[in-house]
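# Architecture and fold: a report
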Amino acid sequence: MVEKYTYQNSIKKSLLFPLGIASLMWVVFGWEQFYDVSFNSYGILPRDFTGLRGVLFSPFIHGDFQHIINNTYPVLILGTAIFYFYKNAAKYVMIYSVLMTGLWVWAMARSSFHIGASGLIYAWGAFLFLSGVLNLSLIHI
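These lines cover the structure that appears in this document, whether it is placed above or below. All of these numbers come straight from a predicted model, not from anything done at the bench. (Residues numbered from 1 in each chain as written. Predicted model: local features only at pLDDT ≥ 70, side-chain atom pairs only at ≥ 80, totals over all residues. Heavy atoms only, no water.)

In this section: a nonpolar patch on the surface. Taken together, the side chains of Tyr 42, Leu 56, Phe 57, Tyr 92, Ile 95, Tyr 96, Leu 99, Met 100 and Leu 103 make up a nonpolar region of the molecular surface, amounting to roughly 930 Å² of accessible area. Among the secondary structure elements, those contributing two or more residues to the nonpolar patch are α2 (54-57) and α4 (90-108). The greatest single-element share of the nonpolar patch, amounting to six residues, is contributed by α4. (Patch = residues over 30% accessible without salt bridge, like charges linked within 9 Å, V, L, I, M, F, W, Y side chains within 5 Å. Areas by Shrake-Rupley, 256 points an atom, 1.4 Å probe, with all protein chains shown as cover. Salt bridge = Lys/Arg side-chain N within 4 Å of Asp/Glu carboxyl O. Helix = DSSP H or I, 4+ residues; strand = E, 2+ residues; numbered from the N terminus.)

Written as structure tokens, this is what we have:
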């Protein structure tokens, strides 16, 4: 049977990728808590070549419970909005957000390990805001 396209199905599909990111964040956090280890050294360490690995790993590493909670909600909400409103561009926004924010932190931040998904959250928020403003100017409201 062919499934009808509905608003509900679209929201569910849009939530899949952000839910995967948030789940991976929680798995890493749970691993750290259960085994009493810290992955902070896999965060971004500015201007150190080994710190470049943090560009990919740091969004999944969080310092404490409050930190991961504060990153989970925006990842789910903003990520879903991007996949819902910008289906075709969403994967590029995700890739560029990780690379651009990570490399910017690596090049410009203080010399300390940087962890968390805050860079992604700010990039996603900026993308949604700016694309909304630009789209409004295109339709001449």
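There is more to say after this.
This part is about α4. With 19 residues, α4 ought to run about 27 Å at 1.5 Å a step, and its terminal C-alpha atoms sit 26 Å apart, in line with that. Within the span of α4, buried status applies to Ala 90, Val 93, Met 94, Ser 97, Val 98, Thr 101, Gly 102 and Trp 106. (Expected span 1.5 Å × (residues − 1). Buried < 20%, exposed > 50% of the residue type's maximum accessible area, 1.4 Å probe, protein only.)

A word on the nonpolar core. One finds Met 25, Val 75, Ile 82, Ala 117, Trp 124 and Leu 128 to be the most contacted residues of the largest nonpolar core, which totals 20 residues. Residue assignment for this core shows that the elements contributing at least two residues are α1 (7-35), α3 (65-85), α4 and α5 (118-138). Beyond its immediate sequence surroundings of up to four residues, Val 75 is in contact with Pro 18, Ile 21, Ala 22, Met 25, Thr 80, Ala 117, Ile 121 and Trp 124. (Core = buried A, V, L, I, M, F, W, Y, C linked by side-chain atoms within 4.5 Å. Contact = heavy atoms within 4.5 Å.)

Before going further, it helps to examine α3. With 21 residues, α3 extends 30 Å between its outermost C-alpha atoms, agreeing within 8% with the 30 Å of an ideal straight helix rising 1.5 Å per residue. Of the residues making up α3, those classed as buried are Ile 68, Asn 71, Thr 72, Val 75, Leu 78, Gly 79, Thr 80, Ala 81, Ile 82 and Phe 83. Its side-chain oxygen placed 3.3 Å from the backbone nitrogen of Gln 66, Asp 64 serves as the N-cap of α3. (Polar contact = N/O pair within 3.5 Å; in protein donor to acceptor, adjacent residues only side chain to side chain.)

Each aromatic ring pair is characterised by the separation of its centres together with the angle its planes make. Taken as a whole, this structure holds ten aromatic pairs when the rule is applied. Ring centres of Trp 31 and Tyr 35 lie 4.7 Å apart, and the angle between their planes is 45 degrees; on these two criteria the pair is classed as tilted. With Trp 31 and Tyr 35 both in helix α1 and four residues apart, the pair spans about one turn of that helix. Trp 31 sits in the partly exposed class, given a relative accessible area of 46%. Residue classification places Tyr 35 among the partly exposed positions, given a relative accessible area of 46%. Ring geometry for Phe 39 and Tyr 42: centres 6.2 Å apart, planes at 80 degrees, overall edge-to-face. (Phe/Tyr/Trp six-rings, centres within 6.5 Å; stacked < 30°, edge-to-face > 60°.)

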